[in-house]
Amino acid sequence: MTYTKHPVSSSIGAVLRVLLAVWLLCATGPATAWIWDKYPVPIKDRPDWVLPKEAPTDFTVPDQITQGIYHLLVDTQVHVPESGEPEYFYHFARHLVNLTGVKQASQIQIDYNPEYQSPRLHEVAVWREGKRIDKLDTARITLVNSEKDLDQMLYSGEQTLHILLDDIRAGDTLEYSYTLKGYNPIYDGVFAFDHYTDWPVPVEELSISVYWQKSQPLYNRISDKAAKMRIVAEEKGIRYIVEKSGIDAVMKEEDTPGWFEPYGLVRFSESADWQDIADWARPLMEEGVASGPEIQKIANDIERKAVDRPHRIAQALQYVQGEIRYYGIEIGENSHRPLSAEQTLARRYGDCKDKAVLLLSILRALGIEAYAALVNSQLRRGVGDALPAINLFNHVIVSVIYDGKVYWLDPSREYQYGNLSLIHQPDYGYALVLKPGANALTDARPQYQAYSGNELHESFDLTAGPQAPALYTAHTVVMGLNAEKLRRTLAGSNQNNAQKDYLNFYKRFYPSIQPLQPAAFKDRPELNEMEVDEKYSIQNIWEQNPRDKKHFAWFHAHAIMPYLKTVDPEQRQQPLALEHPVNIHQLIEVNLQDYRWDFENEDFSEGNPFFSFSKSVRFIPASRKLLIEYNYTSKMDFVAPVNLKYYLEAIDAVREQSRYGILIRPAALAGGTDTESRAERDYVLYALLGYLGAFVLLFAVWRLQRRRHLLKGDALYYPVALPKFAVMWLCSFGLYGFYWFYRNWKHVQRRDRANMMPAMRGILHWIWYYPLYDELRRDNAARYPLRRHLPPQPAGVALAVAFLGTAVVAGLGYPGFAMCACMLLTLPLANYVNYINSDDDQRRKAFKHHSRWRPRHAMLVLLGAPLLVSLLGAETGLIPGEKVVEGKALLGYNLKFLQRRGVIQPTDEIRYFYSNTLISIHGDGNGFSDRHVFTYWKDDGEFYFEGATFDEIRDINVIWGRWNSDTVIEIIRNNGSRFTLYASAAGHKDRAFVNALLERWKKRRQPGAVAAGL
């Protein structure tokens, strides 16, 4: 694209244009605008030092554009002459895709500081259907005072050149360029310039160049690997050119640290090292330090009031923070040159550098060593990787040296009370301390960090029972940084608003909570603490489950939970900011009604590089007092992406412990003896003891009858009829297998007079299967050389491996299948033993003796068969079991029942399921699919059903069950309604149920909406 001069329609117009330009060059300030508000700045051709750059015409609009604009060209060129002021040329081309783009681009704003910058407008044009349309004639151009930082109490004197365009259409390409001449004189001509190589929007072409005509070197650094620099030597200087094309949008994710910068950056600096910058900045700060009578009077007052130096340092800081309000007039050199301490004291306002100089003056009058320190409040530790540049720092604090320690004090903060050791020191990463001889950055992380956090003691009075409101009181001690924040909140609002904020926060956990008295705030400035006392009534702290009439109450680590940040690790590519420093100690005291409560002591701790967390649960039976204690301490202020998965695993573990629930069963309410009915809770234990007693009785009967029916005849190994072998093995749940292996090894011991332990080989028969097979195989070879009655040796090895694998199957929760498999794999060995005992009368007599059915065997079958059927039925899904099962274990007719009842849809695939009924799942069930959670039950013949899709679930609470009880899972919908699921704790299958449930819920919810049980 070639540049075309602004057309002039007539000679009169040309004369008027010249007169206008002369007038504009002579005039200054906002009065340069004509009565038409047109051309308040000079209209000139591009400077001759500018390299022409045409906007792309062949392009495809990417999907990443925002606001309907595709940025075709970003062309920035800087001219730095040997002497004189630098010039900055800006050239932009924007393609307007739609009406939104037209609205956004039809107003051009050019910001500049008239104190040291003068703008020149070169062109404003539109390209439409290949034709260039000049827009300067019809544009409305005005100057306005912008002052975009007034809300931050900063006044810079900036102005904005506002260009309002007419006749802009979708499909147009808007092109404009201008030059700003001038450089802040405070920099003494020392050049520094930086420019991003990435934007949050896509850019077709980017070009950055610096035309350097000074004799000293220009240093540069690029943080963007995709951007390349060309250095071109010219007759009058050197051009440093950085170009990049096809730039994708780079988005900054939420909750990133302030110092993190995802955009590529190129920096240019004339400064050789940090000493150059320190030598420039030190005189600016020091010339403002004063020691006049007003300063000395303040110092004398502090010395009279404060007993030692730490208190004097703190009071000097508090004087500047409290007596000098923050307001900055940063016009021209005032952007970096502070006022004198006397001026700031007289005005009673100043910005960071003014307040720092005043604090320095007071501290030095007190005889305390202190220096100004330059920091970057956004980059913080990122300054350590930056190129030394005179424009790098944006904030001034004070470095105080006392008793061998360095304290970093920020006089721009407010409400920092107490002794020096109690004042929070912000972590600015690195600082350039302006002390004589400074030539490097200093690590500005506080060497001594005051304790900052909350001590919260909560009390719940539940002694009146679940039908009465709970009395809730909270006493909080807020310390250090948190006390500073609370003072600022109260100063900017009032205690009534603070009370409302507290109440709204508590309602997230207890919707029926109401204040009994206003929150009381007490400031203890000498300790840098604030105390808050609150008193509430909670009408419905007990939640009754209509299904089984149980009452639940929950207690939350609510003081800690806001700091447990979660994100989607699959979508996260950037660091996650964490709040730091944070120290929380929360003690929950629950006073319970007169029941015989039974709680187990619990201890949990989680330690990692990011935070530490601990939980302790103790119960004092004598006073019926339950104590739940939580502690949280932050260690870092961010998580790197590579560590995000590790951090989120720790967060999940902590969230699982961040609530504690208690329950009361209806029997306890009626009889007043326990949280759970003892008979109901222990019925499984009694049944097991009964069965165990029956088996012990059978064993005693067997021993007595064995003595009466001594074996007459001798057998090889231990023969027994295969039907009895199989039934006894299964109905004894594998115990008969121990005995059968023992008898066979006992025969080998007697025969060979071997030194072995047959009983141990029977008990550990999983690993002694192959040795017994090999013993019988060798017997087969000796007894029947030409006939094989056992599987070949490779098959025997495979059988032994499979036999050992049944132990793994049993451990996976399928003991019935494992037991059946063991029996079947042993049949070839039992069959051979029977065969070799069939060709002799004496051995046949022994075989018949072992195979005979006796009353004790029939009793064993009567006892074991129902349990066996129940076990196998549960594992096959034919009948409910005592454990949680995977949904694929449910049979088709059960799934059809659930579909007919509307519990699931035909397309749903149940992931986990649990039913605590004995015969059929039709009477009770709990489970979830990839879409929803459900529970159903029958009561007095009526069928009840509760369910919610994952999108409808706001929170999930869990009370973990013991080995003989169910885990309780409370589902809270978005509208606040709730229902309860159950999952058996047997075999720890409830853990798999809950973890899979939470995982699917988290995937369906937005990042951060993660909960876990207690």
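Since the model is a prediction, treat every value here as computed from it, not as a measurement.

(A) Representation of the environment of Q842. By the element assignment, Q842 lies in helix α20 (residues 841–851). Judged by relative accessible area, which is 41%, Q842 ranks as partly exposed.

(B) Quick look at helix α3 (residues 274–286). Given a rise of 1.5 Å per residue, 13 residues ought to cover 18 Å, and the 18 Å separating the end C-alpha atoms of α3 matches this to within 8%. Considered for burial, the residues of α3 that qualify are W274, I277, A278, W280, A281, R282, L284 and M285. Contacts from the buried residues of α3 go to α7 (352–365), β19 (369–375), β20 (395–402) and β22 (430–433). The backbone nitrogen of Q275 lies 3.2 Å from a side-chain oxygen of the residue at the head of α3, namely D273.

(C) Layout of the packing of helix α17 (residues 769–783) against helix α19 (residues 815–836). Between α17 and α19, the shortest axis-to-axis distance is 11 Å and the interhelical angle comes to 35°. Relative to α19, α17 is oriented so that their crossing is left-handed. Two secondary-structure elements touch here, α17 through Y769, L772, Y773, L776, D779, N780 and R783 and α19 through L825, T826, L829, Y832, V833 and I836. Of the residues contributing to the contact of α17 with α19, the split by class is nine nonpolar, two polar and two charged.

(D) Molecular detail of the sheet that holds strand β42 (residues 953–959). Spatial strand order, β42-β43-β44: three strands in an open sheet with antiparallel pairing. In this open sheet, the two strands that pair with only one neighbour each are β42 and β44 (978–984). Recorded for the sheet is a direction-independent mean angle of 20° between the axes of neighbouring strands. Both β42 and strand β43 (residues 966–973) contribute to a ladder of six bridges, which runs antiparallel. Its bridge partner being in β43, I953 is matched across the sheet by R973.

(E) Region of the structure containing the nonpolar core. One finds L121, V124, I163, F191, I362, L363 and V400 to be the most contacted residues of the largest nonpolar core, which totals 99 residues. Counting residues per element, this core draws most heavily on α7, which supplies eight residues. For V400, the contacting residues outside a window of four places in its chain are I313, L363, I368, E369, A370, K405, V406, Y407 and L409. Counting residues in hydrophobic clusters, the runner-up holds 53 residues, among them L503, V567, I588 and F599.

Each value, and the rule that gives it
- Residues numbered from 1 in each chain as written.
- Predicted model: local features only at pLDDT ≥ 70, side-chain atom pairs only at ≥ 80, totals over all residues.
- Heavy atoms only, no water.
- Helix = DSSP H or I, 4+ residues; strand = E, 2+ residues; numbered from the N terminus.
- Buried < 20%, exposed > 50% of the residue type's maximum accessible area, 1.4 Å probe, protein only.
- Expected span 1.5 Å × (residues − 1).
- Contact = heavy atoms within 4.5 Å.
- Polar contact = N/O pair within 3.5 Å; in protein donor to acceptor, adjacent residues only side chain to side chain.
- Axes fitted to C-alpha atoms, helices over the stretch in contact; angles between N-to-C directions.
- Left-handed = near helix turned anticlockwise from the far one by under 90°.
- Nonpolar A, V, L, I, M, F, W, Y, C, P; charged D, E, K, R; others polar.
- Pairing = 2+ DSSP bridges.
- Core = buried A, V, L, I, M, F, W, Y, C linked by side-chain atoms within 4.5 Å.

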